[in-house]
Amino acid sequence: MAPDTVSLRYFLVLAQELNFTRAAARIGIAQPALSARMRRLEAELGTSLLIRDTRSVVLTTAGAALAESAPPALAALDRAWDAARNAGAGELGTLRIGYSLSVGAETAPALVERLVRSSPGLDVGAVPMATPELSPAVADGRIDAGITRGEQPGRGVRRFLLRRVRVGVQLAQHHPLAEHPEIEIADAAAYPLRLPDRTANPVIHDQLAALFRDIRPSPRFHTPAVSFDMSQHDLRDGRTLAPAGETAVTTLLTGLTWRPLRGAPALTIHLVLPRVQSPMHRRIRAVAKTLAHELNWLPD
């Protein structure tokens, strides 16, 4: 049976000092207690480690061998303990995060960067996914967490509000409405409105469309064939407006700007986790909560 690590660590201090009085003071215990520890350690090993007299302490051959081999063994044991503690705290392992493209420009990178920085033992990977697939992928374990706009439906998951963002419109910088710091919903509805394809994100499509539910005459909605049209000619030409959250500012093309809609309810961004959570899931939640507070993602 291996000796207890406390006695072994005490022995290493004594092997450095070669003096019971100094070693006991350095450890912070009484000298008789240190002597008793050393006698017990020698009994466990079945050999003498020290040659003692009234004036000095000398290591035996066995003591010298132990003094040389014990430090790397203790360091390996410390690493094993640290690994167990980190795993128990959710700070060790592989973390797979899925995110919808609409949160990929700002929110998802901020959370991933914070997780990497705060938990070096986590191997974090992030991949864009179709919004309707995020909750099912979290529920069946294909990914560990998801970040998505809106409170997406799905069983077997829990959703945590991560961020609220103001709703506005993207529009050409030369558009007449761009002169206003805020735009009335009715004024925006006078122009064709570019909405994301409903199949890509039905929750957000319906929430944006509902902003104009009471406007008469009913606004004209335009859905591009490609959900994330990289050219956005209709916007840049001033022919349409695109309702969007304020995070769209980070991805605006040249010639476009963003203005908030007066009185519009906020859009939400959620962190999606499994209903049954491991320490790693709880770690993600804790880091996300801290980040949201620091970046004022959830203003009162």
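My aim in this report is to walk through the structure given alongside it, one point at a time. Just so you know, these numbers come straight off a predicted model, no measurement behind them.

**With respect to the packing of aromatic side chains**
Part 1 of the reasoning: Inspection of the entire model under this criterion finds one aromatic pair.
Part 2 of the reasoning: For the pair Phe-212 and Phe-221, a centre-to-centre distance of 6.3 Å together with 65° between the ring planes defines the contact as edge-to-face.
Part 3 of the reasoning: By relative accessible area, Phe-212 is classed as buried at 2%.
Part 4 of the reasoning: Residue Phe-221 is classed as partly exposed on the basis of its relative accessible area, which comes to 40%.

**Description of the side chain of His-270**
Part 1 of the reasoning: Along the chain, His-270 turns up in strand β12 (residues 267–274).
Part 2 of the reasoning: On the basis of relative accessible area, His-270 is assigned to the buried category, the value being 7%.
Part 3 of the reasoning: If near-sequence neighbours (up to four positions away) are discounted, His-270 is found in contact with Gly-146, Ile-147, Thr-148, Gly-150, Glu-151, Arg-159, Phe-160, Leu-161 and Leu-162.

**Some details on the sheet that holds strand β3 (residues 93–99)**
Part 1 of the reasoning: Across the sheet, which stays open at both edges, the five strands sit in the order β4-β3-β5-β12-β6 with mixed pairing between neighbours. Either end of the sheet is taken by a strand with one partner, and the two such strands are β4 (122–128) and β6 (157–165). Recorded for the sheet is a direction-independent mean angle of 20° between the axes of neighbouring strands.
Part 2 of the reasoning: With seven bridges joining them, β3 and β4 adopt parallel strand pairing. Bridge assignment links Gly-98 to a residue of β4, and that residue is Val-127.

**Digging into the sheet that holds strand β11 (residues 256–260)**
Part 1 of the reasoning: What the three strands build is an open sheet, ordered β10-β7-β11; its pairing is antiparallel. The open sheet is flanked by β10 (242–245) and β11, the only strands paired with a single partner. Strand-to-strand twist across the sheet, computed as the mean angle between neighbouring axes with direction ignored, equals 40°.
Part 2 of the reasoning: As paired strands, strand β7 (residues 167–172) and β10 are joined by four bridges and run antiparallel to one another. Residue pairing for β10: Gly-168 is matched across the bridge by Ala-244.

**Brief notes about helix α1 (residues 5–17)**
Part 1 of the reasoning: When the terminal C-alpha atoms of α1 are compared, their 19 Å separation across 13 residues agrees well with the 18 Å that a helix rising 1.5 Å per residue should span.
Part 2 of the reasoning: Every buried residue of α1 is listed here: Ser-7, Leu-8, Tyr-10, Phe-11, Leu-12, Val-13, Leu-14 and Ala-15.
Part 3 of the reasoning: Downstream of α1 by a residue or two, Leu-18 has a phi angle that is positive, lying close to 55°.

**Here's the deal with the nonpolar core**
Part 1 of the reasoning: If you look at the biggest cluster of nonpolar residues, it comprises 46 residues, and the most contacted ones within it are Leu-95, Ile-97, Leu-111, Ile-147, Phe-212, Leu-261 and Leu-271.
Part 2 of the reasoning: Ranked by the residues each element gives to this core, the list is headed by helix α10 (residues 279–294), at six residues.
Part 3 of the reasoning: With near-sequence residues (within four places) excluded, Leu-271 lies in contact with Leu-111, Ala-145, Gly-146, Ile-147, Arg-158, Arg-159, Phe-160, Leu-162, Ile-284, Arg-285 and Ala-288.

**A few points about unusual backbone geometry**
Part 1 of the reasoning: Arg-216 connects to Pro-217 through a cis peptide bond whose omega is -5°.
Part 2 of the reasoning: Within the secondary structure layout, Pro-217 lies in the loop between α8 (202–210) and β9 (221–222).
Part 3 of the reasoning: The phi angle at Leu-18 is positive, at roughly 55°, despite the residue not being glycine.
Part 4 of the reasoning: Among the structural elements, Leu-18 can be located in the loop between α1 and α2 (20–27).
Part 5 of the reasoning: Relative accessible area serves as the criterion here: at 36%, Leu-18 is assigned to the partly exposed category.
Part 6 of the reasoning: Of note in this structure, Asn-296 is not a glycine but carries a positive phi near 55°.
Part 7 of the reasoning: Tracing the sequence through the fold places Asn-296 in the segment after α10.

**Here's the deal with the pairing of strand β5 (residues 145–149)**
Part 1 of the reasoning: Most of β5 is tucked away: five of the five residues are buried.
Part 2 of the reasoning: Judged from the three bridges that link them, β3 and β5 form a sheet pairing that is parallel. Across the sheet, Gly-98 pairs through a bridge with Gly-146, a residue of β5.
Part 3 of the reasoning: Bridge analysis of β5 against β12 gives four bridges, and the strand direction is antiparallel. Paired with Arg-149 across the bridge in β12 is Ile-269.

**Section: the packing of α1 against helix α3 (residues 31–45)**
Part 1 of the reasoning: Relative orientation of the contacting elements α1 and α3 amounts to 110°, with a least axis distance of 10 Å. Classed by the angle they form, the pair α1 and α3 counts as roughly perpendicular. Here the hand of the crossing between α1 and α3 comes out left-handed. Counted together, Val-6, Ser-7, Tyr-10, Phe-11 and Leu-14 of α1 and Leu-34, Arg-37, Met-38 and Leu-41 of α3 form the full contact between these two elements.
Part 2 of the reasoning: A per-class count over the contact of α1 with α3 returns seven nonpolar, one polar and one charged.

**Looking at the pattern of salt bridges**
Part 1 of the reasoning: Taken as a whole and assessed by the stated rule, the structure comprises 15 salt bridges.
Part 2 of the reasoning: Linking Glu-17 and Arg-26 is a salt bridge whose minimum nitrogen-to-oxygen distance equals 3.0 Å.
Part 3 of the reasoning: In this structure Glu-17 comes out as partly exposed when scored by relative accessible area, which is 21%.
Part 4 of the reasoning: Its relative accessible area of 47% is what places Arg-26 among the partly exposed residues.
Part 5 of the reasoning: The salt bridge partner of Arg-114 is Glu-294, with a shortest N-O separation of 2.9 Å. Highlighted residues: Arg-114 in helix α5 (residues 107–118) and Glu-294 in helix α10, separated in sequence by 180 residues.
Part 6 of the reasoning: What makes Arg-114 buried here is its relative accessible area of 16%.
Part 7 of the reasoning: Via salt bridges that share partners, Glu-17, Arg-22 and Arg-26 belong to a single interconnected network.

Reading guide: rules and limits
Residues numbered from 1 in each chain as written. Predicted model: local features only at pLDDT ≥ 70, side-chain atom pairs only at ≥ 80, totals over all residues. Heavy atoms only, no water. Phe/Tyr/Trp six-rings, centres within 6.5 Å; stacked < 30°, edge-to-face > 60°. Buried < 20%, exposed > 50% of the residue type's maximum accessible area, 1.4 Å probe, protein only. Helix = DSSP H or I, 4+ residues; strand = E, 2+ residues; numbered from the N terminus. Contact = heavy atoms within 4.5 Å. Pairing = 2+ DSSP bridges. Axes fitted to C-alpha atoms, helices over the stretch in contact; angles between N-to-C directions. Expected span 1.5 Å × (residues − 1). Core = buried A, V, L, I, M, F, W, Y, C linked by side-chain atoms within 4.5 Å. Parallel < 35°, antiparallel > 145°, perpendicular 65-115°, else oblique. Left-handed = near helix turned anticlockwise from the far one by under 90°. Nonpolar A, V, L, I, M, F, W, Y, C, P; charged D, E, K, R; others polar. Salt bridge = Lys/Arg side-chain N within 4 Å of Asp/Glu carboxyl O.

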